[in-house]
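What follows is each chain in one-letter form.
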Amino acid sequence: MTEFRSLSLVPKADGPQSVKDFKTDQEVRWCPGCGDYAILAAVQSFMPELGIRRENTVFVSGIGCSSRFPYYMNTYGMHSIHGRAPAIATGLATSRRDLSVWVVTGDGDALSIGGNHLIHALRRNVNLKILLFNNRIYGLTKGQYSPTSEVGKITKSTPMGSLDAPFNPLSLAIGAEATFVARTIDSDRQHLQSVLRAAAEHQGAALVEIYQNCNIFNDGAFEVLKEPGTRDEALIRLEHGRPIRFGTDQGVFRGPDGELAVRTVTPENEAEVLVHDAHTPGPATAFALTRLADADTLHHTPIGVLRSVERPVYDDLMAEQLERATTDRGPGDLGALLTGHDTWTVV
Amino acid sequence: MTSQVDQSEAVDGSDGSEGRAGSAPPAARQGRPVKPTRRLDRVIIRFAGDSGDGMQLTGDRFTSETASFGNDLSTLPNFPAEIRAPAGTLPGVSSFQLHFADHDILTPGDAPNVLVAMNPAALKANLPDLPHGAEIIVNTDEFTKRALAKVGYAADPLTDGSLDAFRLHKVPLTTLTLEALKESGLARKDAERAKNMFALGLLSWMYHRPTGGTETFLRQKFAKKPDIAEANILAFRAGWNFGETTEDFAVSYEIAPAALPSGTYRNISGNLALSYGLIAASTRSGLPLFLGSYPITPASDILHELSKHKNFGVRTFQAEDEIAGIGAALGAAFGGALGVTTTSGPGVALKSETIGLAVSLELPLLVVDIQRGGPSTGLPTKTEQADLLQAMFGRNGEAPVPVVAPATPAECFTAALEAARIALTYRTPVFLLSDGYLANGSEPWRIPAVDELPDLTVDFATEPNHELPDGSRAFWPYKRDARTLARPWAVPGTPGLEHRIGGIEKQDGTGNISYDPANHDFMVRTRQAKVDGIEVPPLEVDDPQGDARVLVLGWGSTYGPITAAVRRVRADGGRIAQAHLRHLNPFPANLGQVLHGYDRVIVPEMNLGQLALLLRAKYLVDAQSYNQVRGLPFKAAQLADVLHAAIGTLDAEDQR
């Protein structure tokens, strides 16, 4: 069994767990055909692998379709308010290091109303696993464009097309000093679980973007990455330590200007194909990988772990300060604190 | 020389005789030239200067000396929002007022008996507050033509006779300080900065203050710059010696220690008392304290203070914004911590949605609002109590939140414990409404013994609490305690009690999502009933003869000026009853009865009548507001006039 370093302080389960242990008796209320079902099933069947006590697992969400997620996980959970899940989870994770804390959020929740909390949780490197369900649309409010929608998107609120340039969530995360950045797809359970595994192993904040289909308001948004006829040319599966190759003969190369580019791999240039190193301390190459895909067509979309580096975890640093203060000054003495140093006595 | 206290000023003390100077034997300390000493029962001093002159520090030090001497005291720091406003200008004036006495006092005093003015701006800004006969000590070095012109003095007030009604001491403070420090080797600029300590030394001589504490303080403050420490001490001693030797200061004054109830005392400001109250609540509940906060005046000092006490298990989290501050505190509360967020009015506005979530989740959470002048940015460094209705109603939906308000700086300690008691017992967010005046003002505090403090022990849920039809046991997160209506608090890590809670309406008992109309109606009423049913102590009424017809009712920091005004009215033979609310939601159960027991109810508030609005709505009583929103506390004399007038009109109506 994998040793999940980020869970070293979380009590281990008494025995093996099964997917059934993580299902609740609540009726799942997403639209039939929604990508959220596949993600839920993948997460529920992955959780036993962690080998930790179910009662020490907490799912915190904001508002949106994806944020109903905690109701369907038989762990502790909080369905909070729009955009604030990373902030709430920060308070929980930093004060309870014996918990495994997961945040479930969407593109509107995490990148619009809650953008500030997301970037600050990432830069602090709080030990949170953040699952960002990106469907590039507002589903729960019935179909307005989102901060990841492509420019010109025709929606209820943009009948003449949306004007805003979208966020690239992984570029944003790397810019926000994230130590772990990954992407996966709702329909590929094996890949999704491999990314969840890597996120759980990571010490600190992990951002996992999950491309998720909204079959009601933005159906087929990621079809090019799923269709057998197109996916091989569109999708780049990253594996640490392996040359980045995809399709029949495509590869990622670093050009003379330092930029990354997709080119046909030939026997002559085969040795120059970029080898993926998720652990490179500098963020430049990981950032360049986030920029490979065409924002409109999604061609050349990398999935997998783009970046995974080590940096002190906020929760640990906070706990260390408490321990150091106690070592240096002894445990707090309330009587002495209240008395202070400048007193006088009235008889 | 009896001008220390203006005879025309009405009394602030209960004995009706305070403020009059009497003769006392001259101090006969060894080695001192014999100068006469007079005994006073109280004095009000105001230090005023540029915001860079160190007036707050000077005031703090004089206060500490006074506290350790054993006088009762009350302080009013008053400073601009700008950190360094342009030097020598009126907006840049910073002041610190201190009232100290040989008996118990309640306010920082209406009008200073002594003004220390470090420059023309400080003189001009503060002169209107001085009664005739007050003493003024000015730093003549700063009264240059340019400095005078800057604040619009056409002629030098030190020579044009405009200050004839006052007792003026012209002291070249800068020159004297430089002279005292000429051997120190300090650059002129550094040496000049010690002039506030020269002034402090002079005042310390005038009022026989102990000096050891200040010297120790300076050595600690400048531990890394011993030459600066020694220079400040030298200037401080030079100021003291100047008073001792110069002809201009012919008399010094003694104010005997106050006969306070027996005990060990310290001086404490509201924000410090509140911080200690939070730590005490953590210790007494056994729950780790988690503060999520974003810096904002005048609440930041609580964040600063709590961050010093990590050895109490206190976690302080300086969040990215106000919303994250309260969010993190609520997340920590879900995990079983004593969650606290501290802020001021604008921050409360941002936190409103999360407070609503806490109401719905029914988790304990303390929301500390150090009120300041509003709306919007308003007056960040000035006091006001205009967030009452925001605390009561500033959320979407029916979202009742208990409200507790301390009356004095020291009472911020017990108010924090009381707010924690309510939050932990009833599983609810609680507002603690302090204000800028309480936060920065200070007074002597009788230090309580730890075992006198309330026991706030909490029982977390450990077992399933509901039997299902099939006989199995389940955990229902919204199954309530019959008496308190509180729901169980089951923290993550407790096996078998895994549950999900959220902001969506939930089914009574199970906590599952429910859109059922009857259930929503029931849950809204139940949350209200829980808050309405919180047990709070009855309102105490001070009506010595029991024959008053006018009741003055206040809340929060108006306690001091209202009580001082009541003493004045009674000293003049007026009959007046007084009561002060510490609980604003729910109100004490006997409040309606108290209100209806008087022919007239006067409610002074530093807002436009927010408590009065609540009283009128709830009790159909003709509560009459007296309002001021000047960013400053009421003056006792001003309120005494209002109370006299109320009694007078009532009597006049009777005669018609």
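Residues numbered from 1 in each chain as written. Chains lettered and ligands numbered in written order. Predicted model: local features only at pLDDT ≥ 70, side-chain atom pairs only at ≥ 80, totals over all residues.

A. Spatial organisation of the overall build of chain B. A tally of helices and strands in chain B yields 20 helices and 26 strands. In terms of overall size, chain B behaves like a compact globule, its C-alpha atoms giving a radius of gyration of 27 Å where 656 residues would be expected to give roughly 26 Å. With respect to the principal axes defined by its C-alpha atoms, chain B has extents near 95 × 70 × 45 Å. Burial status across chain B gives 54% buried among its 656 residues. Within chain B, counting contacts between residues at least 6 apart in sequence, those at least 24 apart form 76% of the total. (Helix = DSSP H or I, 4+ residues; strand = E, 2+ residues; numbered from the N terminus. Rg over C-alpha atoms; globule rule 2.2 N^0.38 Å. Buried ≥ 20, exposed ≤ 12 C-beta atoms within 10 Å, placed from the backbone. Contact = placed C-beta atoms within 7 Å.)

B. Expanded view of unusual backbone geometry. Cis rather than trans, the peptide bond between Gly374(B) and Pro375(B) has omega equal to 5°. Among the structural elements, Pro375(B) can be located in the loop between strand S14 (365–371) and helix H13 (388–393). In this model, Asn585(B) is joined to Pro586(B) through a cis peptide bond whose omega is -5°. Residues other than glycine seldom take positive phi values, yet Glu177(A) does so here, at roughly 70°. Tracing the backbone through its elements, the reader meets Glu177(A) in the loop between helix H5 (169–175) and strand S5 (180–185).

C. Summary view of the domain arrangement of chain B. Residue and element names in this part refer to chain B. The domains assigned to chain B are domain 1 (9–254), domain 2 (265–452) and domain 3 (541–655). On a C-alpha basis, the centres of domain 2 and domain 3 stand 27 Å from each other. Of all elements in the fold, only H13, strand S15 (403–404), strand S16 (429–435) and helix H15 (436–440) reach the threshold of two or more residues within the side of domain 2 that touches domain 3. No other element matches H13, which puts three residues into the side of domain 2 that touches domain 3. The residue inventory of the side of domain 2 that touches domain 3, partitioned by class, reads 16 nonpolar, four polar and three charged. (Domains from an automatic or database assignment. Nonpolar A, V, L, I, M, F, W, Y, C, P; charged D, E, K, R; others polar.)

D. How the structure looks around the packing of helix H1 (residues 35–46) of chain A against helix H6 (residues 189–201) of chain A. All names here are of chain A. The interhelical angle for the contact between H1 and H6, taken along N-to-C directions, is 55°, at an axis separation of 10 Å. Taken together, the axes of H1 and H6 are oblique relative to one another. As for how H1 packs across H6, the hand of that crossing is right-handed. Across from Ala38, Ile39, Ala42, Val43 and Phe46 in H1, the residues of H6 making contact are Arg189, Leu192, Gln193 and Leu196. For the contact of H1 with H6, the class distribution of residues is seven nonpolar, one polar and one charged. (Axes fitted to C-alpha atoms, helices over the stretch in contact; angles between N-to-C directions. Parallel < 35°, antiparallel > 145°, perpendicular 65-115°, else oblique. Left-handed = near helix turned anticlockwise from the far one by under 90°.)

E. How the structure looks around the packing of helix H1 (residues 55–69) of chain B against helix H6 (residues 195–206) of chain B. All names here are of chain B. Following both chains from N to C, one finds H1 and H6 inclined at 30°, their axes separated by 10 Å at the closest point. If you check the angle between H1 and H6, you find them roughly parallel. You can see that H1 and H6 cross each other, and the crossing is right-handed. Within the contact between the two elements, H1 uses Met55, Leu57, Thr58, Arg61, Phe62 and Glu65 and H6 uses Asn196, Ala199, Leu200, Leu203 and Ser204.

F. Representation of the nonpolar core within the structure. Counting residues in hydrophobic clusters, the biggest one holds 260 residues, and the most contacted among them are Leu207(A), Val208(A), Ala416(B), Leu432(B), Val550(B) and Leu643(B). Broken down by element, this core gets its largest block of residues, 11 residues, from helix H14 (residues 411–426) of chain B. If you look at the next biggest cluster of nonpolar residues, it comprises eight residues, including Trp30(A), Cys65(A), Tyr145(A) and Phe217(A). (Core = buried A, V, L, I, M, F, W, Y, C linked by C-beta atoms within 7 Å.)

G. How the structure looks around the pairing of strand S7 (residues 135–139) of chain B. All names here are of chain B. Most of S7 sits inside the fold, with five of its five residues counted as buried. Burial of S7 is two-sided: the residues Glu135, Ile137 and Asn139 facing one way and the residues Ile136 and Val138 facing the other way are all buried. Between strand S6 (residues 114–117) and its parallel partner S7, the chain crosses via helix H2 (residues 120–126), and the hand of that crossover is right-handed. Here S7 runs beside strand S8 (residues 167–171); their pairing, made up of five bridges, is parallel. Bridging from a neighbouring strand, Ile136 pairs with Leu168 of S8. (Right-handed = clockwise from strand over helix to strand, strands pointing away. Pairing = 2+ DSSP bridges.)

H. Spatial organisation of the interface of chain A and chain B. Residue-level contacts link 52 residues of chain A with 60 residues of chain B. For the side of chain A that touches chain B, the secondary-structure elements that each account for two or more residues are strand S2 (76–79), helix H2 (85–95), helix H4 (115–124), helix H9 (314–329), helix H10 (334–339) and strand S12 (343–346) of chain A. Here the side of chain A that touches chain B gets eight residues from one element, more than from any other, and that element is H2(A). Its residues assigned to classes, the side of chain A that touches chain B shows 21 nonpolar, 23 polar and eight charged. The pairing of S2(A) with strand S20 (residues 500–502) of chain B spans three bridges and is parallel. Looking across to S20(B), one finds that Gly77(A) is bridged to Arg500(B).

I. The sheet that holds strand S11 (residues 289–293) of chain B, seen in detail. Residues and elements named next belong to chain B. In space, the seven strands of this open sheet follow the order S12-S11-S13-S14-S16-S15-S24, with mixed pairing throughout. The open sheet has two edge strands, strand S12 (315–318) and strand S24 (583–585), and neither has a second partner. Relative to strand S13 (residues 338–343), S11 runs parallel, the two being bridged by five bridges. Paired with Leu289 across the two strands is Leu338, which belongs to S13. In the packing of helix H9 (residues 270–285) onto the sheet, contacts are made with S11, S13, S14 and S16, and the angle to S13 comes to roughly 170°. Strand contacts of helix H12 (residues 345–361): S13, S14 and S16, with the helix running at about 160° to S14, the strand carrying the most contacts.

J. Here's a closer look at the sheet that holds strand S4 (residues 128–134) of chain A. Read from one edge of the open sheet, nine strands run S7(A)-S11(A)-S5(A)-S6(A)-S4(A)-S3(A)-S1(A)-S2(A)-S20(B), paired in mixed fashion. With partners counted over all chains shown, the strands left at the sheet margins are strand S7 (235–237) of chain A together with S20 of chain B, one partner each. On average, each strand axis in the sheet is tilted by 20° relative to the strand beside it, whichever way the strands run. The pairing of strand S1 (residues 57–61) of chain A with strand S3 (residues 100–106) of chain A spans five bridges and is classified as parallel. Across the sheet, Ser61(A) pairs through a bridge with Val104(A), a residue of S3(A).

K. Structural view of the pairing of strand S6 (residues 206–211) of chain A. All names here are of chain A. Taking burial as the measure, the six residues of S6 include six buried ones, the bulk of the element. Neither face of S6 is exposed, since Ala206, Val208 and Ile210 on one face and Leu207, Glu209 and Tyr211 on the opposite face are all buried. Sheet analysis places S4 next to S6, joined by six bridges and oriented parallel. Each residue of the ladder has a partner; that of Phe133, found in S6, is Ile210. Bridging between S5 and S6 involves six bridges; their strand directions are parallel. Bridge pairing in S6 links Ala182 to Val208.

L. Region of interest: helix H4 (residues 173–180) of chain B. Those residues of H4(B) that fall on the buried side of the exposure criterion are Leu173(B), Leu176(B), Thr177(B), Leu178(B) and Ala180(B). Of the surrounding secondary structure, the elements contacted by the buried residues of H4(B) are S7, S8, helix H5 (188–192), H6 and helix H8 (226–245) of chain B.

M. Inspection of the confidence of the model for chain B at higher detail. Residues with a pLDDT of 70 or more make up 95% of chain B, whose mean pLDDT is 93. Both scores are available for the predicted complex, with the pTM at 0.94 and the ipTM at 0.98. (pLDDT = per-residue confidence, 0-100.)

N. Just H9(A), in detail. If you check H9(A), its first and last C-alpha atoms are 23 Å apart, about what 16 residues at 1.5 Å a residue would give, namely 22 Å. Remark: Gly330(A) follows H9(A) within two positions and exhibits a positive phi of approximately 80°. (Expected span 1.5 Å × (residues − 1).)

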